[in-house]
Amino acid sequence: MSHHEPHDEVTGDRMNWLRAGVLGANDGIVSTASLVVGVAGATTDRTQILVAGLAGLFAGAMSMASGEYVSVSSQRDAERALLAQEREELKNTPDEELDELREIYESKGLDEQTAKQVAEQLTKHDALAAHAEAELHIDPDELTNPWGAAIASFVSFTIGALLPLAAVMLTPTSLRVPVTVAAAILTLALTGFISARLSGADKRRAVVRNIAGGLIAMGVTYAIGSVVGQSIG
């Protein structure tokens, strides 16, 4: 058991920023590809497309980072509040908390005597850690890190956004839209596959869902851009 616990803690800590990173990259690809395809539908001016793409990139990266920071900070605050409540209960009603810990281990399959011994030994070693793990599923020494999630989101969104932006800027006018769409499809397939691996979900379904969402977003913005471009022109 002792050999597995550190591994699980590291995995849980990494999962926080891996999740934020994959989501950030996916949003960067979809939003920026949709934006530049939409602008390309309205104009062929390379400068206008670049300005719109860069503006969308930085706005989206900052939005993702701040959103992740606020979300994970709220989670961290909730964890701290739960731990503070647990400390108070351990201070004021230690016997009741010991019985509660024993009941938890009984519900997991231990007999009453073994569960009592486990609860007593864990309480003697570190009462707060024992209750936090068994009741709250929280490691007091490994709380969620909002800065890690925010930075992962910012960096991954930027990387994801640069791919369709480079595709639309480095290809001839007549090929801008199909090349950008193709680049977005390939990268969305990759982020869908990675997200499925991280969550243990069905990979094919995740990839298809990712690509379908991106195609719908790009199709809608391109249609809007084309209509607006024709109206202005």
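Scroll up for the structure.
Because the structure is predicted, anything quoted here is derived from the model rather than measured.

## Brief notes about the overall build of the protein chain
And step 1. The helix and strand inventory of the protein chain stands at 7 helices and 0 strands.
And step 2. The helix and strand sequence of the protein chain, counted from the amino end, reads α-α-α-α-α-α-α.
And step 3. When the backbone C-alpha atoms are referred to their principal axes, the protein chain occupies close to 80 × 30 × 25 Å.
And step 4. Within the protein chain, the fraction of its 233 residues that count as buried is 36%.

## Details of a nonpolar patch on the surface
And step 1. Taken together, the side chains of Tyr69, Val70, Trp147, Ile151, Val155 and Ile159 present a nonpolar region at the surface, about 600 Å² in accessible area.
And step 2. The set of elements that each furnish at least two residues to the nonpolar patch consists of helix H2 (46-92) and helix H5 (146-170).
And step 3. The element that contributes the greatest number of residues to the nonpolar patch is H5, accounting for 4 residues.
And step 4. Among the secondary structure elements, Tyr69 is positioned in helix H2.

## A word on the environment of Val228
And step 1. Within the secondary structure, Val228 sits in helix H7 (residues 203-232).
And step 2. The exposure class assigned to Val228 is partly exposed, which follows from its relative accessible area of 40%.
And step 3. In sequence terms Val228 and Gly41 are 187 residues apart; their C-alpha atoms lie 8.5 Å from each other.

## Observations concerning unusual backbone geometry
And step 1. Non-glycine residue His137 carries a positive phi angle of around 60°.
And step 2. Within the secondary structure layout, His137 lies in the loop between helix H4 (112-136) and H5.

## Re the nonpolar core
And step 1. In this structure, Val36, Val39, Ala40, Ile49, Leu57, Ala61, Met64, Phe157, Ala161, Leu165, Val168 and Met169 together form the largest nonpolar core, which totals 12 residues.
And step 2. Going through the elements one at a time, helix H1 (5-42), H2 and H5 are the ones with two or more residues in this core.
And step 3. With 5 residues, H5 is the largest single contributor of residues to this core.
And step 4. What Leu165 contacts, discounting residues up to four positions off in sequence, is Thr32, Val36, Leu50, Gly53, Leu54 and Leu57.
And step 5. Listed in part, the 10 residues of the second largest apolar core include Val181, Ala184, Leu188 and Ile211.

## Some details on the environment of Glu112
And step 1. Structurally, Glu112 is set in helix H4.
And step 2. Since its relative accessible area comes to 51%, Glu112 is described here as exposed.
And step 3. Expressed as a C-alpha distance, the spacing of Glu112 and Leu98, which sit 14 residues apart in the sequence, is 13 Å.
And step 4. Not counting the four nearest positions on each side in its chain, Glu112 is found in contact with Arg102 and Glu106.

## A short note on helix H6 (residues 176-199)
And step 1. Taking 1.5 Å of rise per residue, 24 residues should cover 34 Å, and H6 covers 34 Å from first to last C-alpha, within 8% of that figure.
And step 2. All buried positions along H6 are accounted for by Arg176, Thr180, Val181, Ala184, Thr187, Leu188, Thr191, Gly192 and Ala196.
And step 3. Gly200, located one to two residues past H6, shows a positive phi value of around 75°.

## Some points on the side chain of Glu79
And step 1. Its location among the elements puts Glu79 in helix H2.
And step 2. For the buried Glu79, which has no salt bridge, the nearest side chain bearing the opposite charge is Arg76, at an N-O separation of 6.1 Å.

## What to know about a negative patch on the surface
And step 1. Together, Asp95, Glu96, Asp99 and Glu103 make up a negatively charged patch on the protein surface.
And step 2. Inspection of the secondary structure assignment puts Asp95 in helix H3 (residues 94-107).
And step 3. The class of Asp95 is exposed, set by a relative accessible area of 57%.

## Overview of the side chain of Asn26
And step 1. The topology assignment puts Asn26 in helix H1.
And step 2. With relative accessibility at 14%, the residue Asn26 sits in the buried group.
And step 3. Of note is the side chain of Asn26, whose polar atom sits 2.6 Å from the side chain of Asn210.
And step 4. Among all residues touching Asn26, those that are not within four sequence positions of it are Leu188, Thr191 and Asn210.

## Notes on the pattern of salt bridges
And step 1. Within the structure shown, the criterion is met by 1 salt bridge.
And step 2. Notably, a salt bridge pairs Glu106 with Arg102, separated by 2.3 Å at the nearest N-O pair. You can see Glu106 and its partner Arg102 sitting in helix H3, 4 residues apart, about one turn around the helix.
And step 3. Under the relative-accessibility criterion, Glu106 is labelled partly exposed at 28%.

Parameters and conventions
- Residues numbered from 1 in each chain as written.
- Predicted model: local features only at pLDDT ≥ 70, side-chain atom pairs only at ≥ 80, totals over all residues.
- Heavy atoms only, no water.
- Helix = DSSP H or I, 4+ residues; strand = E, 2+ residues; numbered from the N terminus.
- Buried < 20%, exposed > 50% of the residue type's maximum accessible area, 1.4 Å probe, protein only.
- Patch = residues over 30% accessible without salt bridge, like charges linked within 9 Å, V, L, I, M, F, W, Y side chains within 5 Å.
- Areas by Shrake-Rupley, 256 points an atom, 1.4 Å probe, with all protein chains shown as cover.
- Salt bridge = Lys/Arg side-chain N within 4 Å of Asp/Glu carboxyl O.
- Core = buried A, V, L, I, M, F, W, Y, C linked by side-chain atoms within 4.5 Å.
- Contact = heavy atoms within 4.5 Å.
- Expected span 1.5 Å × (residues − 1).
- Lys, Arg positive; Asp, Glu negative; His and termini not counted.
- Charge placed at Lys NZ, Arg CZ, Asp CG, Glu CD.
- Polar contact = N/O pair within 3.5 Å; in protein donor to acceptor, adjacent residues only side chain to side chain.

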